[in-house]
Amino acid sequence: MEIQSLSFAPPPTPSDPPIPVGDAPRGIAITPDGSRAYVTNLFDNTVSVINTATNTVIGAPIPVGQGPIRIAITPDGSRAYVTNIDENSLSVIDTATNTEILPRIQVGDFPFDIAITPNCV
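Residues numbered from 1 in each chain as written. Predicted model: local features only at pLDDT ≥ 70, side-chain atom pairs only at ≥ 80, totals over all residues. Heavy atoms only, no water.

1. Structural notes on unusual backbone geometry
A cis amide bond links Leu102 to the next residue, Pro103, at an omega of 0 degrees. Along the chain, the position of Pro103 falls in strand 9 (residues 99–106). (Helix = DSSP H or I, 4+ residues; strand = E, 2+ residues; numbered from the N terminus.)

2. Some points on the pairing of strand 3 (residues 46–51)
The buried fraction of strand 3 amounts to five of the six residues, a majority that puts the element mostly inside the structure. Taken together, strand 2 (residues 36–41) and the strand that follows it, strand 3, pair antiparallel across an intervening segment of four residues, in which Asn45 is found at a positive phi of about 60 degrees. Here two bridges tie strand 3 to strand 5 (residues 62–63), and the two strands are oriented antiparallel to one another. The partner of Thr46 across the bridge, within strand 5, is Pro63. Examined bridge by bridge, strand 3 and strand 4 (residues 56–57) share two bridges and lie antiparallel to one another. Each bridged residue has a counterpart across the sheet, and for Asn51 the counterpart in strand 4 is Thr56. (Buried < 20%, exposed > 50% of the residue type's maximum accessible area, 1.4 Å probe, protein only. Pairing = 2+ DSSP bridges.)

3. A look at the pattern of salt bridges
In this structure the tally under the stated criterion is three salt bridges. Note that Asp94 and Arg79 form a salt bridge whose closest N and O atoms lie 3.9 Å from each other. Here Arg79 lies in strand 7 (residues 79–84) and Asp94 lies in strand 8 (residues 89–94), a separation of 15 residues in the sequence. Judged by relative accessible area, which is 28%, Arg79 ranks as partly exposed. Between Glu87 and Arg104 there is a salt bridge, with its nearest N and O atoms 3.4 Å apart. With Glu87 in the loop between strand 7 and strand 8 and Arg104 in strand 9, the pair connects residues that are 17 residues apart, well separated along the chain. One salt-bridge network, held together by shared partners, links Glu87, Glu100 and Arg104. (Salt bridge = Lys/Arg side-chain N within 4 Å of Asp/Glu carboxyl O.)

Rendered as structure tokens:
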């Protein structure tokens, strides 16, 4: 199943346009306060940020590693972690500035999914 568009509360009506994100959106994570959604764009190597109150994209997409596929946000909302399946790495995004914190973290082959525990341990 592929994400074709994103909708947030209030429920969409048939006239609501889709929210434009990058090419091949694959993963989505919502900040703990519900104010923003982060969407991985597999073929663009970026992450789009959406204001969930207005259903609009915030700023330019954030460049990350090759093949961003899944994303998770820390319980305090300060960081977003992105698995980059094509380069076996993890990108860390500072959600206050919406920029990647470098260098990327190298991980094992084919990092597909990610989860963060409530206490970040």
